[in-house]
Amino acid sequence: MRSVFLKNTSPSRSTIPPASPSRTISESLMDENIEIAESIINKWDSDSSAYAKVTSLFHDDRHEARRYLNSVRDLQSAMKHLVKANSGSDKIVMVQNLMQLAMKKLEKEFYQILAANRDYLDAESVSARSSRSSAARSSVSDFEEEDESEEDEFRFSSEPVSEMVRVSMVVMADLKAIADCMTLAGYGKECVKIYKIIRKSIVDETLYHLGVGRLMSLSQLQKMDWEVVELKIKTWLNAAKVAVKTLFYNEKILCDHVFSASVSIRESCFSEISKEAATSLFGFPEIVAKCKKTPEKMFRLLDMYETISDLLPEIQSIFSYELTSTVRSQAITSLHKLGEAVSLTLTDFETAIQKDSSKASVPGGGVHPLTRYVMNYMTVLADYSGALADIVVDWPLNLQTALPESYFGSPHELDESPVSLRFAWLVLVLLCKLDGKAELYKDVALSYMFLANNLQYVVVKVRTSNLKILLGDDWVTKHESKVKQYAFNYERMGWNKVFASLPEDPTADISPDHARDVFKKFSATFEETYKKQSSWIVPDPKLRDEIKVSVARKLGAAYGEFYKRNRVGLESFSKYAPDDLGNYLSDLFYGTGSSGSVSSSASSSSHSRGRRGGH
């Protein structure tokens, strides 16, 4: 027969409260306590009582449950007395038998409470109960004191307590009382075994419903389309937050409360319940990080990095036990592997920009697809600047490249963080590539328009996104000036023939024949330039208007002086009035190229002027 007394190895007050002197002062009182214990234990013995088979002790009669637990403690006191006074007493066997019946009943009650109250032991209820518990009450081992303190809390609390929270508090108190009693009686293993089985199944089931119940291998993941993997990552992102902030957090609260009498038991119990599931959960990002790296995967890698980084303090707190150190290690490993994968992907992204080999020039000098792709990519990337700031510290930028030395000045002027330097460098790599693509245009003026368009696109993307925070106002101002310089160069090279057709001094006196030749030459060069540029494009409305206004103002001023002085008698040769030039120019830079000549534009402009009341 099993000796329950010998299994009790913790006689200190923190685990076994000393028996009341009033209960052990005489043999007769001890015998009376044994008789009372025998009566209540037999009453609730399922093998001998049909009532006990269908009734829960803790659910139906809480006062009786208190008496039951007190009787078990009385049996422990009696056993200690009998062993010390007369180790050969027949009463020892009887007390042992009663103790085994009691443990069997409590084991069943413990199982029923755990199994029947899953909804009352959910995360919200457990957390609410924990927030109401004081440090002092958490060490109470006497069931009667615990239960009464719970009732007092309901009675005197200024905050309303929901029925679910109220029941959960009672359930947690019952579980703790039974666990304390069984542990002190030497039956802790039986109690812990039941607890582990039920609570581990709940943890595993919850993760399954969250969509992360089974760990995938690297080979399985690599066989999937990226769209499928991306869906799994999004599922993981949500599941990880719920698991850490709710599932594991509250599972630890429950475990610590139920087994508060023993540090070693609650540590091993929580470890066996959560370690396998948590290690699997936090191992998924490491597997994703090992997959083939492409730029489009960057943002999901960063999402996982941010999630683990944000959750890491809580992970380290929840899994603080030595027995759960592998969970902490796995989370840190995944974080490191994700950072490494992001760094490598950044390098691949930079290399892809440098190696872009498209030779076709963009029609009309518009924005190059590479510019759109890179800048749209980088505006999203800038939203992850916090995570990237941590990553680039561990994997700094290496400026040993084949780019011309003149391009190294800009990044080095940035007295900013490593992440700002990294973004500035990526933009610089793009701009360098665009310089090369501008050389594909045979028309120098069109190449400057291409550079103005693309740099304007870059500047607008920077100015209207988090890139501005990273690159700074000075960067924006400096590159806005470059856009204006490119636009000026376009004007100079694109309209030089038209300006050259006019005299250096348009107010100088010249012969009618000379004036006639100037009018004819101006008209011819204007039409030629207009026709050539009718298919050119400036997508940005602000830049388009600025260029057209600038050209119209300069051309109108130069031509206007000459026109005013020489038009009399030469009306048939002065094809264009100065005020018309701006109207003709208004048709440019939409990339339509449909007019083919000035005449259709002139007709449209004249019609427009007619509607406004003439010129």
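Everything numeric here is computed off the predicted structure, so don't read it as measured data.

Asker: Help me out: how do you make sense of the confidence of the model for the protein chain in this one?
Answerer: Detailed reading of the predicted coordinates is not advisable wherever pLDDT is low. Averaged over every residue, the pLDDT of the protein chain is 81; residues scoring 70 or more account for 80%. Taking the mean pLDDT of every element in the protein chain, the minimum, 41, falls on helix H27 (residues 598-611) and the maximum, 97, on helix H14 (residues 298-318). Ignoring residues within four places in sequence, the model shows residues 134-142, a span with pLDDT below 50, making 16 contacts including any to other chains. Low pLDDT (under 50) marks residues 599-615, which in the prediction has 15 contacts with non-local residues, meaning those over four places away or in another chain.

Asker: Help me out: how do you make sense of the nonpolar core in this one?
Answerer: It is characteristic of soluble globular proteins that their nonpolar side chains tend to be buried jointly. In this structure, Met 103, Leu 106, Phe 110, Tyr 195, Phe 248, Phe 259 and Phe 423 are the most contacted members of the largest nonpolar core, which totals 172 residues. When residues of this core are assigned to their parent elements, the largest contribution, 14 residues, is made by helix H12 (residues 226-258).

Asker: What am I meant to see in the pattern of salt bridges here?
Answerer: Opposite charge on two side chains makes pairing possible when the charged atoms of those side chains draw close. Overall, the coordinates contain 24 salt bridges when judged by the stated rule. Linking Lys 196 and Glu 272 is a salt bridge whose minimum nitrogen-to-oxygen distance equals 2.7 Å. Of this pair, Lys 196 sits in helix H10 (residues 188-209) while Glu 272 sits in helix H13 (residues 263-290); the two residues are 76 residues apart in sequence, bridging distant segments of the chain. The class for Glu 272 is partly exposed, based on a relative accessible area of 46%. Because the salt bridges share partners, they merge into one network encompassing Lys 43, Glu 64 and Arg 67.

Asker: Hey, could you run me through the environment of Asp 394 in this one?
Answerer: Residue position: Asp 394 is located in helix H17 (residues 385-394). For Asp 394, a relative accessible area of 53% gives the class exposed. With 58 residues separating them along the chain, Asp 394 and His 336 place their C-alpha atoms 9.4 Å apart.

Asker: What is the right way to look at the packing of aromatic side chains in this model?
Answerer: Describing an aromatic ring pair means giving the distance of the ring centres and the angle of the ring planes. Taken as a whole and judged by the stated rule, the model has 22 aromatic pairs. The interplanar angle of 45 degrees and the centroid separation of 4.8 Å between the aromatic rings of Phe 299 and Tyr 377 together place this pair among those described as tilted. On the criterion of sequence distance, the pair formed by Phe 299 in helix H14 and Tyr 377 in helix H16 (residues 369-382) is long-range, its members being 78 residues apart. A centroid spacing of 6.5 Å and a plane angle of 35 degrees characterise the contact between Tyr 448 and Tyr 486, whose relative ring orientation is tilted. Within this pair, whereas Tyr 448 is found in helix H20 (residues 444-463), its partner Tyr 486 is found in helix H22 (residues 473-494), the two being separated by 38 residues in sequence.

Cut-offs and rules
- Residues numbered from 1 in each chain as written.
- Predicted model: local features only at pLDDT ≥ 70, side-chain atom pairs only at ≥ 80, totals over all residues.
- Heavy atoms only, no water.
- pLDDT = per-residue confidence, 0-100.
- Helix = DSSP H or I, 4+ residues; strand = E, 2+ residues; numbered from the N terminus.
- Contact = heavy atoms within 4.5 Å.
- Core = buried A, V, L, I, M, F, W, Y, C linked by side-chain atoms within 4.5 Å.
- Buried < 20%, exposed > 50% of the residue type's maximum accessible area, 1.4 Å probe, protein only.
- Salt bridge = Lys/Arg side-chain N within 4 Å of Asp/Glu carboxyl O.
- Phe/Tyr/Trp six-rings, centres within 6.5 Å; stacked < 30°, edge-to-face > 60°.

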